[in-house]
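Reading the structure
If you want the building blocks of each chain, they are given just below.
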Amino acid sequence: MAEEKNIVQRAKEELKKRYTRNMAVASSNLCVHCGMCIDQCHYHKATRDPKVSPVAKAERIRRVMKNEHDWLRSILPWWVGARELTEEDLDRWVEAAFRDCSLCQRCIVNCPMGVDTPLVMATARGVLTAIGKAPQILVELADAAISREENIDMLKEFFLEQIKSMEEELQAKVDDPGARIPVNVKGAQILYVPLSGAHTIMPEAEIFYHAGTSWTMSMFEASNYGVFLQDQVRAKRITERIVKEAERLEVEEVVVTECGHAYTTSRWEAPKWFDRPWKFKVRSILEVMDEYVRLGRITLDPLRNDGRPVTYHDSCNLGRNGGLFEEPRRILHACIKDFREMTPNRRQSICCGGGGGLVALQDYEEVRLKAGEPKAAQIRATGAEAVVASCDNCRHQLGQLNEHYGLNVNVIGLSELVANAIVPRRVSSEAQQN
Amino acid sequence: MEDSVLTFVKFDLQIFALSWLGLAYLIKIYQILRLPQPREVAPQQGSQELGVFYSYSWLFIPWSMESTRHHLWRWFEFAVYHLGAGAAILATFTIPFAPSVMTRNVSLTMAVLVTGAFMMGVLKLWRRMVSPDLRLVSTPDDYFSLAGVEVFFLFTVMALVTGSPGWMKAYFITTAAFLIYVPFSKISHYVQWFFARAFFGLRFGRRGIITPRSA
C-alpha cells in the first residue's frame, strides 16, 4: 500500500513537472468531446473500439489532470469527470500511451479545437518512464545507445573494420578503388548519421560518391529511444553524442538518414534541450537527395529501376511532424516511371502503426498489426508492387503488414531507389558530351 | 412602463453576471500564462505567423481537415449551432442596451438563427446519448451544458418572437445563470480555443507543415 501510494505520488509529481502552458490547455475544458477525432485514429479505424479513440485515450490522463486543476474538482469532481489517480490507472496509461498510440499526430491535425492529444499521450509516456512503468525494452535500447558513447574506444576498431568491408563493396559497385566511406574527417561538409546496418549506409555512400560530396560518417546511430520514452535526460544524452561529434569535426551540417523520429528529434525537438545554439544545420537525407536532383549533382534514369508501380508512405514524423512532403515526391518522380499516391496522403496520411517505438515492442505485436490494417488497405488500393518508406520503423512495420495481409509488395527505402537509378558520373558526362 | 423585476434582470443581473464571467476568464488566462512553455528554437522552415492565421481560419474551411471534409454535416451543424449561439448572446446586449436595433425583422431573423441552433443542439444531445464512442467520454457536464444551452435557446426564441415580459425575464435569468456557470463548464472551451489554435499554428507553421516551406 505504501509502495502504491509512493508510485502514485511520484506520478503526480512528474505530471506537475510537465504541466506547461500547452499541457494546461490540452488537458482543460478545451476538449468538448465532440468526437471529430474518433475515426481519424488508425487504431479506431481498425477496431471500432470506443476505448482506443484519441479522445478516450486522452481522457484517461485528462481526468487525473482535472482532479489537480479543474475549478470544480474539490466540490463536484464527478461532474467534470475528475478522478484521483490510482496504480490501476497507471497500468491503463501504459496501454493507452505505449500500446494504443503511436504519437502519429493525425488527431491534432483533424481536431477543430486544436486539442494536442499527442502531447497528452507523450506526457503520460514521460510520467510512466519516470516511475519505472515504461516498457523495459525501450529503456534498454536507450541505455544501449548511451553506453555506446561510453565504450566508443572499445567499439571503434570493430566499427572501422565493418566500414572497411562496406567501402570495398562500394568500390566494386562504382568501379573506383578510390571511393571512400570516410569516418572522422575534420572539416567535412556533411556528418552523415546512419542507423545500424548497411542498408542505411551503402545507398547513401553511393549517392554521396556520385554527387562528389564532402562527407564523413558518424560513429553513432541516428535512432533515439529516449524520445519514445519521452525521457528528456536520456534523449538529450543520445543526441549529444552526435552534437559533440559534429562540433569536434567542425562540419557544416548533420544529415540524418531515412529515419522519421531521428529527423524530427534532431531537426525540431533537440535544439530546445540545449542551452546553446548549434553551429551546424540539420537536414534529412531526403532534402539532400532532392537538392542533388534539382541542382543536377546526380543524374537519375527511371529506366534503371524496374517499371513496377510504386507508392510512397508518408512517415508521420517526416511528414506531419517534420514537414517533408514534397522532397520525397520530387525524388520519386525523378527515379521511377509509375508513381501512385495513396489516399489520403501528406498531412492526412494514415500511420502504418509502427511509430512511437511500437515496432520494438514485441508484446504488442498483435495490436500493432491490427492497427496497421487501414494502411494495408490503402496500399492495396493503389495497386502498387513496391512501397517506399523513408523511415526504418515504418519499413519494418510495412514489411510485417505485407506478410500479415498478403499485400505482395516490396518495401524499400528511397535512397535505395535513387542509388539504383543513378547514372554513373562517367556515363553521365559522356552522355552530356554527346 | 417596464416592471422593476424585468429592469433588474435586464441590467443589474446581467452586468453582475458579465463581470463575474470576465473576472473568471481573467483568472483562467492568468493561470495559463503564468505556466512555463518550452520555446521552439530550431531554425524555422515555414512562417509561424501564417501558421497561426491558417490555424484560426481552418474553422471556417471545412475541407481543411479530413474530419470535417468527411463529416460535412457535422461542420454544418457546428456552423448553424454557433451562429445561433452568437445571435442569442448578441441579443442579451442589444435588447437592453440598443433596443432601437431590435426591429421586428431583426428579432425574427435572430429567432430563426437561434431556432436553427436549437435544432442542431437536439441532434448533438441525441448523438451524445446514442453513440458508444461519445457516451464513453461524456461527463454530466457534457449533458448538462448541452441541455442547458437548449433551454437558453428556447427562451431566447420565445423572448425574441413574443417580446413578452414573462419570456424576457426567463431569458435574462437563464442568461445570467449561464454566465455564472460557464467558467466551470466545457462551454468555456472558446477561451482555450484561442490558445490551442495559436500553439498549433506556431508549431505546424514553423515546421512548414501547414504553410509553404522555405528553401
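See the structure above.
The following paragraphs examine the structure supplied in this document. (Residues numbered from 1 in each chain as written. Chains lettered and ligands numbered in written order. Predicted model: local features only at pLDDT ≥ 70, side-chain atom pairs only at ≥ 80, totals over all residues. Heavy atoms only, no water.)

Description of the overall build of chain B
On a plain count of helices and strands, chain B comes out with nine helices and zero strands. Starting at the N terminus and ending at the C terminus, chain B contains elements arranged as α-α-α-α-α-α-α-α-α. Its C-alpha atoms give chain B principal-axis dimensions of about 70 × 40 × 35 Å. Every one of the 215 residues in chain B was classed for burial, and the buried ones make up 50%. Working note: accessible area of chain B is about 10500 Å², and carbon and sulfur atoms make up 76% of it. Counting 18 positive and 11 negative side-chain charges, chain B places the centres of these two groups 8 Å from one another. (Helix = DSSP H or I, 4+ residues; strand = E, 2+ residues; numbered from the N terminus. Buried < 20%, exposed > 50% of the residue type's maximum accessible area, 1.4 Å probe, protein only. Areas by Shrake-Rupley, 256 points an atom, 1.4 Å probe, with all protein chains shown as cover. Lys, Arg positive; Asp, Glu negative; His and termini not counted. Charge placed at Lys NZ, Arg CZ, Asp CG, Glu CD.)

Points about the sheet that holds strand β3 (residues 253-256) of chain A
All names here are of chain A. If you trace the four strands from one edge of the open sheet to the other, you get β2-β1-β3-β4, paired in parallel fashion. Across the chains shown, the open sheet's two edge strands, defined by having one partner strand only, are β2 (215-217) and β4 (281-284). Neighbouring strand axes in the sheet, compared pairwise and without regard to direction, differ in orientation by 25° on average. With four bridges joining them, strand β1 (residues 190-193) and β3 adopt parallel strand pairing. (Pairing = 2+ DSSP bridges. Axes fitted to C-alpha atoms, helices over the stretch in contact; angles between N-to-C directions.)

Digging into a nonpolar patch on the surface
Residues and elements named next belong to chain B. A cluster of nonpolar residues, I15, I89, F93 and F97, forms a patch on the protein surface that exposes about 370 Å² of accessible area. The element that contributes the greatest number of residues to the nonpolar patch is helix α4 (residues 72-97), accounting for three residues. Of note, I15 is situated in helix α1 (residues 4-33). Residue class for I15 comes out partly exposed when judged on its relative accessible area of 46%. (Patch = residues over 30% accessible without salt bridge, like charges linked within 9 Å, V, L, I, M, F, W, Y side chains within 5 Å. Salt bridge = Lys/Arg side-chain N within 4 Å of Asp/Glu carboxyl O.)

A closer look at the environment of I27(B)
All names here are of chain B. Mapping I27 onto the fold places it in helix α1. For I27, a relative accessible area of 37% translates into the label partly exposed. Along the backbone, I27 and D3 are 24 residues apart, and their C-alpha atoms lie at a distance of 36 Å.

Regarding the pairing of strand β7 (residues 386-389) of chain A
What you see with β7(A) is no split at all: A386(A) and V388(A) on one side and V387(A) and A389(A) on the other are buried throughout. Considered for its hand, the β-α-β crossover made up of β7(A), helix α18 (residues 392-405) of chain A and strand β8 (residues 410-412) of chain A is right-handed. (Right-handed = clockwise from strand over helix to strand, strands pointing away.)

Regarding the interface of chain B and chain A
Where interface size is given, it is often the accessible area lost as the parts come together that is meant. The interface is formed by 61 residues belonging to chain B together with 60 residues belonging to chain A. Counting across the chain B and chain A interface gives six salt bridges. Close ionic contact of E269(A) with R207(B) constitutes a salt bridge, the shortest N to O distance being 2.6 Å. Taken together, the links from chain B to chain A amount to 36 residue pairs in polar contact (both at pLDDT 80 or more). The element that contributes the greatest number of residues to the side of chain B that touches chain A is helix α9 (residues 189-206) of chain B, accounting for eleven residues. (Contact = heavy atoms within 4.5 Å. Polar contact = N/O pair within 3.5 Å; in protein donor to acceptor, adjacent residues only side chain to side chain.)

Focus on the side chain of S185(B)
Mapping S185(B) onto the fold places it in the loop between α8 (165-181) and α9. For S185(B), a relative accessible area of 0% gives the class buried.

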